[in-house]
Amino acid sequence: MQTQTTEALLQHHEKRTKCLVYTRVMGYHRPVESFNIGKKGEHKQRTHFRECKS
């Protein structure tokens, strides 16, 4: 599986674009790439969840 993914990424390298990830911090949205090292570590440790439809 990992090899297939790697091959697909290498095949379509020229079509890839940078993706900015934003997160809500203190009431406003900020890009994760602007975080310092400590804040990036906290962001990686966050638990992601999905709410069920009611």
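Details of the structure are given in the entry above.
Residues numbered from 1 in each chain as written. Predicted model: local features only at pLDDT ≥ 70, side-chain atom pairs only at ≥ 80, totals over all residues. Heavy atoms only, no water.

Q: An account of the overall build of the protein is needed here, citing residue identities and associated values.
A: Counting its regular elements, the protein contains 2 helices and 2 strands. Over its C-alpha trace the protein gives a radius of gyration of 16 Å, far above what one expects of a compact globule, namely 10 Å for 54 residues. Each principal axis of the C-alpha distribution contributes one length, and for the protein these read about 40 × 35 × 20 Å. Counting across all 54 residues of the protein, residues that qualify as buried make up 9%. With an accessible surface of roughly 5700 Å², the protein has 54% of that area assigned to carbon and sulfur atoms. Charged side chains of the protein number 11 positive and 5 negative; the gap between the two group centres comes to 6 Å. (Helix = DSSP H or I, 4+ residues; strand = E, 2+ residues; numbered from the N terminus. Rg over C-alpha atoms; globule rule 2.2 N^0.38 Å. Buried < 20%, exposed > 50% of the residue type's maximum accessible area, 1.4 Å probe, protein only. Areas by Shrake-Rupley, 256 points an atom, 1.4 Å probe, with all protein chains shown as cover. Lys, Arg positive; Asp, Glu negative; His and termini not counted. Charge placed at Lys NZ, Arg CZ, Asp CG, Glu CD.)

Q: Give a description of the pairing of strand β2 (residues 28-31) that names residues and reports values.
A: Of the pairings in the sheet, the one linking strand β1 (residues 22-25) to β2 comprises 4 bridges and is antiparallel in character. Bridge assignment links Thr23 to a residue of β2, and that residue is Arg30. The antiparallel hairpin formed by β1 and β2 contains 2 residues in its connecting segment, where Met26 sits at a positive phi of about 50°. (Pairing = 2+ DSSP bridges.)

Q: Give me the pattern of salt bridges: which residues, what numbers.
A: The final tally for this structure, using the stated rule, is 2 salt bridges. In this structure, Lys18 engages Glu33 in a salt bridge whose closest nitrogen and oxygen atoms are separated by 2.9 Å. With Lys18 in the loop between α1 (2-11) and β1 and Glu33 in the loop between β2 and α2 (37-45), this residue pair connects regions lying 15 residues apart in the sequence. (Salt bridge = Lys/Arg side-chain N within 4 Å of Asp/Glu carboxyl O.)

Q: Lay out the side chain of Thr23 in plain terms, naming residues and giving numbers.
A: Residue placement: Thr23 occurs in strand β1. Of the polar contacts made by the side chain of Thr23, one reaches the side chain of Arg46; its length is 2.8 Å. Beyond its immediate chain neighbours, meaning those up to four positions away, Thr23 contacts Tyr28, His29, Arg30, Val32, Phe35, His43 and Arg46. (Polar contact = N/O pair within 3.5 Å; in protein donor to acceptor, adjacent residues only side chain to side chain. Contact = heavy atoms within 4.5 Å.)

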